[in-house]
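Read off the chains here:
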Amino acid sequence: MESILEIRELRVGKDHDGHFQAILDNVNFEVKQGETLAIVGESGCGKSMTALSIMGLLPRAIQIASGKVIFGGKDLAGLSRKEIDQVRGKDIAMIFQEPMTSLNPSFTIGNQLSEVLKIHTALQPNERKERVLELLSQVGIPDPAGKFKSYPHELSGGMRQRVMIAMALACNPKMLIADEPTTALDVTIQAQVLNLLSEIQSQYQMAVMLITHDLGVVAETCQRVIVMYAGQVIEEASVEDLFEQPMHPYTIGLMQSAPRLGVAKEKLHVIEGTVPDIRDMPTGCRFHPRCESATDLCKEKEPQLEERGHGRRVRCWHTA
Ligand SMILES: Nc1ncnc2c1ncn2[C@@H]1O[C@H](COP(=O)(O)OP(=O)(O)OP(=O)(O)O)[C@@H](O)[C@H]1O
Ligand SMILES: [Mg+2]
């Protein structure tokens, strides 16, 4: 399958007293056309920063130092703000964890959705309204005409997330990035929103990059997985391979710390320690201080992300 997005040797970070502190260190992966790719890893490992780098939405102090973000043959990392505005929202759209932060509280839902269409399409005002109503009904919002005039605070969290999805879909993007799109929602609403995302994905043949903490969600909705640790990709595999035989000790730890269905009151495994701070990265393998199989080699020399066949890549000295 052809790839729609290629991230090559991406280094992102900030300047600290003249020293560059890397938040993402040589991140390398691709998203294939029409697939759902999961990005998993503990809090602080760089999942959101990866998404924001693609979208050109990094916080002010943080920059892309080197590397490429190739989308539709263009390197987005090299585009000006104005050029990236053309791509963002139109070809690649993103939905965030907390919809309240991305919806403007002082404009109606209809107003905000129409605005996206105004920026990116040549539709006339009446055509825009028609399209907004169509989008609202497509994402399962009851009474679209009524909700058109509602303000974000008048909707429930699940409804607001649906509005965000409608906004993301407004221009038929080729790729959707969803950063923890359901963690702020309760379990039943979570399932509804995820189902909605997969329906839309197959209908539009869109590529989806789904950032999530939830391995259950990965198993159900994704085809491939990228596991990140401390700003690096440490494993890449198909969902089947990853669940059947996780290779990196960190991935194995993540799997063991996820609750399993049908296993009663199992004591969950804990990966001892925490993700290292970017100001104080361990030498060698970044995971070695927490790894039960670490040897001197792991402490001294950094492993590279190596091909292991079957589309799998692993960054570890001790997995053959
Ligand atoms: N605004 C910011 N300024 C400086 N550093 C930041 C900023 N936001 C995040 N970071 C740093 O970037 C690193 C990666 O953060 P990121 O938000 O990408 O993590 P994440 O994997 O998305 O975590 P989570 O699962 O909690 O959302 C963290 O070490 C964090 O300290
Ligand atoms: Mg995040």
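All figures in this text were calculated on a predicted structure; none of them were measured in a lab.

*Asks:* For this particular structure, what's the right way to read the pairing of strand S3 (residues 36–40)?
*Replies:* Strand residues, when the strand is regular, have side chains that alternate between the two faces of the sheet. Of all five residues in S3, five are buried, a share of seventy percent or more. Judged by which residues are buried, S3 turns out to be covered on both faces: Thr36, Ala38 and Val40 on one side and Leu37 and Ile39 on the other are all buried. For S3 and strand S8 (residues 207–211), the ladder comprises four bridges, and the chain directions are parallel. Considered in S8, the bridge of Ile39 is made with Ile211. Relative to strand S9 (residues 224–229), S3 is paired through four bridges, and the arrangement is parallel. What sits directly across from Ala38, in S9, is Val225.

*Asks:* It is not clear to me how the site of ligand 1 should be interpreted in this structure. Could you clarify?
*Replies:* With respect to spatial proximity, 14 residues lie near ligand 1, and among them Ser43, Gly44, Lys47, Ser48 and Met49 are the closest. At a separation of 2.8 Å, an oxygen atom of ligand 1 approaches a polar side-chain atom of Ser48. Here an oxygen atom of ligand 1 and a backbone polar atom of Met49 are 2.9 Å apart.

*Asks:* How should I be thinking about the side chain of Glu35 in this particular structure?
*Replies:* Positionally, Glu35 belongs in the loop between strand S2 (19–32) and S3. Sequence-distant contacts of Glu35, defined by excluding residues within four places in its chain, comprise Glu30, Gln201, Met206, Ala207, Val208, Gln223 and Arg224.

*Asks:* Would you explain the environment of Met228 in this entry?
*Replies:* By the element assignment, Met228 lies in strand S9. Along the backbone, Met228 and Tyr250 are 22 residues apart, and their C-alpha atoms lie at a distance of 9.4 Å. In this view, Met228 contacts Leu24, Val27, Ile39, Val40, Gly41, Cys45, Gly46, Lys47, Thr50, Val233, Ile234 and Tyr250; residues no more than four positions away in its chain are not counted.

*Asks:* When you look at the sheet that holds S8 in this model, what are you seeing that I'm missing?
*Replies:* Across a sheet, paired strands are connected by hydrogen bonds in the backbone, their directions being either parallel or antiparallel. Ordered by their spatial adjacency, eight strands build an open sheet running S6-S7-S8-S3-S9-S10-S12-S11, and the pairing between neighbours is mixed. Looking at the sheet topology across the chains shown, the edges are occupied by strand S6 (92–95) and strand S11 (306–307). In the sheet, S6 pairs with strand S7 (residues 175–179) via four bridges, with the strands oriented parallel. Each residue of the ladder has a partner; that of Ala93, found in S7, is Leu176.

*Asks:* How should the packing of aromatic side chains be read in this particular structure?
*Replies:* How two aromatic rings sit relative to each other is given by the distance of their centres and the angle of their planes. Using the criterion set out here, one finds three aromatic pairs in the structure. Note on Tyr229 and Phe287: the rings are 5.1 Å apart at their centroids and 85 degrees apart in plane angle, and the pair reads as edge-to-face. With Tyr229 in strand S9 and Phe287 in the loop between helix H11 (249–256) and helix H12 (296–300), this pair connects stretches of sequence that are 58 residues apart. Across the pair, exposure class does not vary: Tyr229 and Phe287 are buried alike. Ring geometry for Tyr250 against Phe287: centres 5.2 Å apart, planes inclined by 65 degrees, an arrangement best described as edge-to-face. Taken together, the residues Tyr250 in helix H11 and Phe287 in the loop between H11 and H12 connect sequence positions 37 residues apart. Across the pair, exposure class does not vary: Tyr250 and Phe287 are buried alike. Connected via pairs of aromatic rings, a cluster forms that spans Tyr229, Tyr250 and Phe287. Positioned over the ring face of Phe148 is Lys129, at 4.8 Å from the centre of the ring.

Reading the values: rules and limits
- Residues numbered from 1 in each chain as written.
- Chains lettered and ligands numbered in written order.
- Predicted model: local features only at pLDDT ≥ 70, side-chain atom pairs only at ≥ 80, totals over all residues.
- Heavy atoms only, no water.
- Buried < 20%, exposed > 50% of the residue type's maximum accessible area, 1.4 Å probe, protein only.
- Helix = DSSP H or I, 4+ residues; strand = E, 2+ residues; numbered from the N terminus.
- Pairing = 2+ DSSP bridges.
- Near = heavy atom within 4 Å.
- Polar contact = N/O pair within 3.5 Å; in protein donor to acceptor, adjacent residues only side chain to side chain.
- Contact = heavy atoms within 4.5 Å.
- Phe/Tyr/Trp six-rings, centres within 6.5 Å; stacked < 30°, edge-to-face > 60°.
- Lys NZ or Arg CZ within 6 Å of the ring centre and 35° of its normal.

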